[in-house]
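The lines below spell out each chain.
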Number of protein chains: 2
Amino acid sequence: MRSFVVVAHTAPLQGGFSLDDLPGGAGRLDVLCRCATEAFLLSHGIRKDVTLHFVIRDQLILDLDGSHLRHLNPDERSTGALVRNALDAAHRQPREAKVVASPGISVRWGGLRDLVEDFRAAGRPLILLDERGEPLRSAELPPAPVFVLSDHKDFTPDEEKILDGAPRVSVGPRVLHGHQCITLVHNELDWREAGWKGGGN
Amino acid sequence: MRSFVVVAHTAPLQGGFSLDDLPGGAGRLDVLCRCATEAFLLSHGIRKDVTLHFVIRDQLILDLDGSHLRHLNPDERSTGALVRNALDAAHRQPREAKVVASPGISVRWGGLRDLVEDFRAAGRPLILLDERGEPLRSAELPPAPVFVLSDHKDFTPDEEKILDGAPRVSVGPRVLHGHQCITLVHNELDWREAGWKGGGN
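Residues numbered from 1 in each chain as written. Chains lettered and ligands numbered in written order. Predicted model: local features only at pLDDT ≥ 70, side-chain atom pairs only at ≥ 80, totals over all residues. Heavy atoms only, no water.

**Overview of the overall build of chain A**
Here is the rule: A helix here means a DSSP run of H or I that spans at least four residues, while a strand means a run of E at least two residues long, and both kinds are numbered starting from the N terminus. The atom set for the radius of gyration is the C-alpha atoms, and the globule formula is 2.2 Å times the number of residues raised to the power 0.38. Buried, partly exposed and exposed residues are distinguished by accessible area as a fraction of the type maximum, computed with a 1.4 Å probe on protein chains only: under 20%, between the cut-offs, and over 50%, respectively. Residues count as neighbours in contact if any of their non-hydrogen atoms are within 4.5 Å of one another. Exposure was quantified through the Shrake-Rupley algorithm and a 1.4 Å probe, taking into account, for residues, occlusion by the shown protein chains and nothing else. Charge counting follows a simple rule: Lys and Arg are positive, Asp and Glu are negative, and His as well as the terminal groups are ignored. Here the site of a charge means atom NZ of a Lys, CZ of an Arg, CG of an Asp or CD of a Glu.
Counting its regular elements, chain A contains 5 helices and 10 strands. A globule of 201 residues ought to have a C-alpha radius of gyration of about 17 Å, and chain A, at 16 Å, matches this closely. With respect to the principal axes defined by its C-alpha atoms, chain A has extents near 50 × 40 × 30 Å. Considering chain A as a whole, with its 201 residues, one finds that 58% of them fall into the buried category. Contacts in chain A between residues at least 24 apart in sequence constitute 67% of all its contacts with a sequence separation of at least 6. Accessible area of chain A: about 8200 Å², with a carbon and sulfur share of 48%. The average position of the 24 basic charges and that of the 28 acidic charges among the side chains of chain A differ by 2 Å.

**Focus: the packing of helix H1 (residues 29–40) of chain A against helix H5 (residues 178–193) of chain A**
For any two helices packed against each other, the geometry comes down to the angle between their axes and how far apart the axes lie. Residues and elements named next belong to chain A. As a reminder, the rule being used: Between N-to-C directions, angles span 0 to 180 degrees; the directions come from axes that are lines fitted to C-alpha atoms, helices contributing only their stretch in contact. Orientation labels follow simple angle bins: below 35 degrees gives roughly parallel, above 145 gives roughly antiparallel, 65 to 115 gives roughly perpendicular, and whatever is left gives oblique. Under the scheme applied here, ten amino acids are nonpolar (Ala, Val, Leu, Ile, Met, Phe, Trp, Tyr, Cys and Pro), four are charged (Asp, Glu, Lys and Arg), and all others, including Gly, are polar.
Contact pair H1 / H5: the axes reach a minimum separation of 8 Å and the direction vectors enclose 5°. Classed by the angle they form, the pair H1 and H5 counts as roughly parallel. Packed against H1, whose contacting residues are Arg34, Cys35, Glu38 and Ala39, the element H5 presents Gly178, His179, Ile182, Thr183 and His186 at the interface. Residues of the contact of H1 with H5, tallied by class, amount to 3 nonpolar, 4 polar and 2 charged.

**Quick notes on the relation of the copies chain B and chain A**
Stated precisely, the cut-off is as follows: The least-squares superposition of copies is restricted to C-alpha atoms, and to residues with a pLDDT of at least 70 in both copies.
Once chain B has been moved 0.0 Å along the axis and rotated by 180°, it coincides with chain A to within an RMSD of 0.0 Å. Viewed as a symmetry operation, the transformation between the two copies matches a two-fold axis. Of all interface residues in chain B, 100% are interface residues in chain A too; the two copies therefore contact each other through one and the same surface.

**Observations regarding the interface of chain B and chain A**
Rules: Here, a salt bridge means any Lys or Arg side-chain nitrogen found within 4 Å of an Asp or Glu carboxyl oxygen.
If you look at the interface, chain B gives 42 residues, while chain A gives 42 residues. At the junction of chain B with chain A, the criterion picks out 4 salt bridges. Among the salt bridges present, the one from Arg137(A) reaches Glu188(B), with a minimum N-O distance of 2.7 Å. For the side of chain B that touches chain A, the elements supplying multiple residues, two or more each, are helix H1 (29–40), strand S2 (41–42), helix H2 (76–90) and helix H5 (178–193) of chain B. The residue makeup of the side of chain B that touches chain A, split by class, is 13 nonpolar, 14 polar and 15 charged.

**Quick look at the nonpolar core**
The nonpolar side chains of soluble globular proteins are, as a tendency, buried together. What counts, and what does not: As used here, the term nonpolar core means buried Ala, Val, Leu, Ile, Met, Phe, Trp, Tyr and Cys residues forming a set that is joined through side-chain atoms within 4.5 Å.
Phe54(A), Leu62(A), Phe54(B) and Leu62(B) are the most contacted members of the largest nonpolar core, which totals 104 residues. Apart from the residues lying within four places of it in its own chain, the contact partners of Phe54(A) are Val6(A), Leu32(A), Cys35(A), Ala36(A), Leu60(A), Ile61(A), Leu62(A) and Leu64(A).

**Describing the sheet that holds strand S8 (residues 126–135) of chain A**
Residues and elements named next belong to chain A. To keep things clear, this is the line we draw: Only strands that DSSP links by at least two bridges are regarded as paired with each other.
An order of S6-S7-S5-S4-S1-S9-S8-S10 is seen for the 8 strands of this open sheet, with the pairing classed as mixed. Of all the strands in the sheet, just strand S6 (99–102) and strand S10 (168–170) have a single pairing partner and so form its edges. Adjacent strand axes in the sheet meet at a mean angle of 30°, parallel and antiparallel pairs treated alike. Across the sheet, H1 lies against strand S1 (2–8), strand S4 (50–56) and strand S5 (60–65), angled at about 165° from S4, the strand it touches most.

**Examining the confidence of the model for chain A**
We apply this condition: A residue's pLDDT is simply how confident the predictor is in it, with values from 0 to 100.
Of all residues in chain A, 98% attain a pLDDT of 70 or more, and the chain-wide mean is 96. Scored as a whole, the predicted complex attains pTM 0.97, and scored at its interfaces, ipTM 0.96.

**Observations regarding the pattern of salt bridges**
One pass over the full model with this rule turns up 32 salt bridges over all chains. In this structure, a network of salt bridges that share partners links the residues Arg2(A), Arg47(A), Asp190(A) and Glu193(A).

**Quick look at a negative patch on the surface**
The line we're drawing: A patch consists of residues whose relative accessible area exceeds 30% and which take part in no salt bridge; residues with like charges are grouped when within 9 Å of each other, and nonpolar side chains (Val, Leu, Ile, Met, Phe, Trp, Tyr) when within 5 Å.
A contiguous patch of negative charge, built from Asp58(A), Asp114(A), Glu117(A) and Asp158(A), is present on the exposed surface. As for its placement among the helices and strands, Asp158(A) is situated in helix H4 (residues 157–162).

**Points about the sheet that holds strand S4 (residues 50–56) of chain B**
Backbone-to-backbone hydrogen bonds join strands into a sheet, with any given pair of strands oriented parallel or antiparallel. Residue and element names in this part refer to chain B. Here we have 8 strands laid out as an open sheet, ordered S6-S7-S5-S4-S1-S9-S8-S10, and mixed in their pairing. The sheet is open, and its two edges are formed by strand S6 (99–102) and strand S10 (168–170), each paired on a single side. Geometrically, the sheet is characterised by an average inter-axis angle of 30° between neighbouring strands, direction not taken into account. Bridge count for strand S8 (residues 126–135) against S10 is 4 bridges, and the pairing is parallel. Its bridge partner lying in S10, glutamate 134 is registered against valine 169.

**As for the side chain of Asp75(B)**
Within the secondary structure layout, Asp75(B) lies in the loop between strand S5 (60–65) and H2. Despite its burial, Asp75(B) pairs with no opposite charge; the closest candidate is Arg34(A), at 6.0 Å N-O. Ignoring anything within four residues of it in the chain, the contact list for Asp75(B) reads Pro23(A), Asp30(A), Arg34(A) and Glu76(A).

**Some words on the packing of aromatic side chains**
Convention followed: Centre distance within 6.5 Å is the pairing criterion for rings of Phe, Tyr and Trp, where only the six-membered ring of Trp is used; planes under 30 degrees apart are then read as stacked, over 60 as edge-to-face, and the remainder as tilted. Only lysine NZ and arginine CZ atoms are considered, and such an atom sits over a ring when it is within 6 Å of the ring centre and within 35 degrees of the ring normal.
With the rule as written, the count across this model stands at 4 aromatic pairs over all chains. Here the aromatic rings of Trp191(A) and Trp196(A) are separated by 4.6 Å at their centres, their planes lie at 50°, and the arrangement is tilted. Classification of Trp191(A) as buried rests on a relative accessible area of 7%. Relative accessible area serves as the criterion here: at 14%, Trp196(A) is assigned to the buried category. Here the basic side chain of Arg95(A) rests over the ring of Trp109(A), its NZ or CZ set 4.0 Å away from the ring centre. Lying over the aromatic face of Phe17(B), Arg84(B) brings its terminal NZ or CZ to 5.9 Å of the ring centre.

**Focus: the pairing of S5(B)**
All names here are of chain B. Of all 6 residues making up S5, 5 are buried, and the element is well covered by its neighbours. As paired elements, S4 and S5 share 6 bridges and run antiparallel to each other. The partner of valine 55 across the bridge, within S5, is isoleucine 61. Here S5 pairs with strand S7 (residues 105–109) via 5 bridges, running antiparallel.

What follows is the structure, encoded as structure tokens:
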């Protein structure tokens, strides 16, 4: 099992936005859409052993589960439509409920602290993706890691406090977009699962 | 210098498509848009030492040059608009001309053989991205490589013939989308340029 948490600071809490303007009117929702693509999509199929969690403005949590996910296509616009549908669903239900908006996508009210507590209670170790961290390629990685990254904004001091103590790894020498980091994490874990022992350059 | 060639089999030759339907009406233009994002975009800025070349239906070549590129945003829709603008420009000029459609994006009539001949004449070595190839991480890579990949379709027999003799490398144990392969190639070259010597797992 591999999980990713993306902390979203500007994405909308409601679905009333146009799919024609994901970067603008939808508060950089394009960033989250690309993260979903990279978290789940292989060339032919979906990574079933993956979950992805968006924490939006520390109020709403979208949980995406590869083992149940359907209708996820690689393009941003259709992913934006899935997210918009989930945001709509959140407002049609009591605030304490967790709602399945579409297969593999559920939504609940809560913040980063709630999600982190869930993972800690489940014994799932958090790892921050951070350009100042240890190189991913040589990092010791625990089983079933939960990689936490921020959207196009940095973590706030409050978020840093919640995540305090988690080790930090860096995907490479250049500072990349979050979705690119997800691709690189998957590749590293794919190589390790395939028994790659280093070598070469 | 790093270059990428994406051989596109279904993308349109003309600009008369809607940006609302890049995967459908625009013949999977979303695939090419993601390749452009991954070829050029860092978290804060553009990779200037990169060129990207789309060969569309073996008739039209779009050349994107990071050293001059402007207005490239991470989202697919705005990249689709840049490509559409370039396709329009191709039809406003004599067929033998190379036209600059916008800063860093030019377009010319020609096919894969023409582009490959250009690179060979310039002494630029071609490398195919192929899941059956040698692992990228341990592959010997020449300076200034040109990585060639196909869109969502396989290379045709004619294309295979044109590319015959080029070594093949695989980015990892799972078969990925083309844009993901570009991200992984950049990361490998970034590590090598930073003096990474392997180690770790």
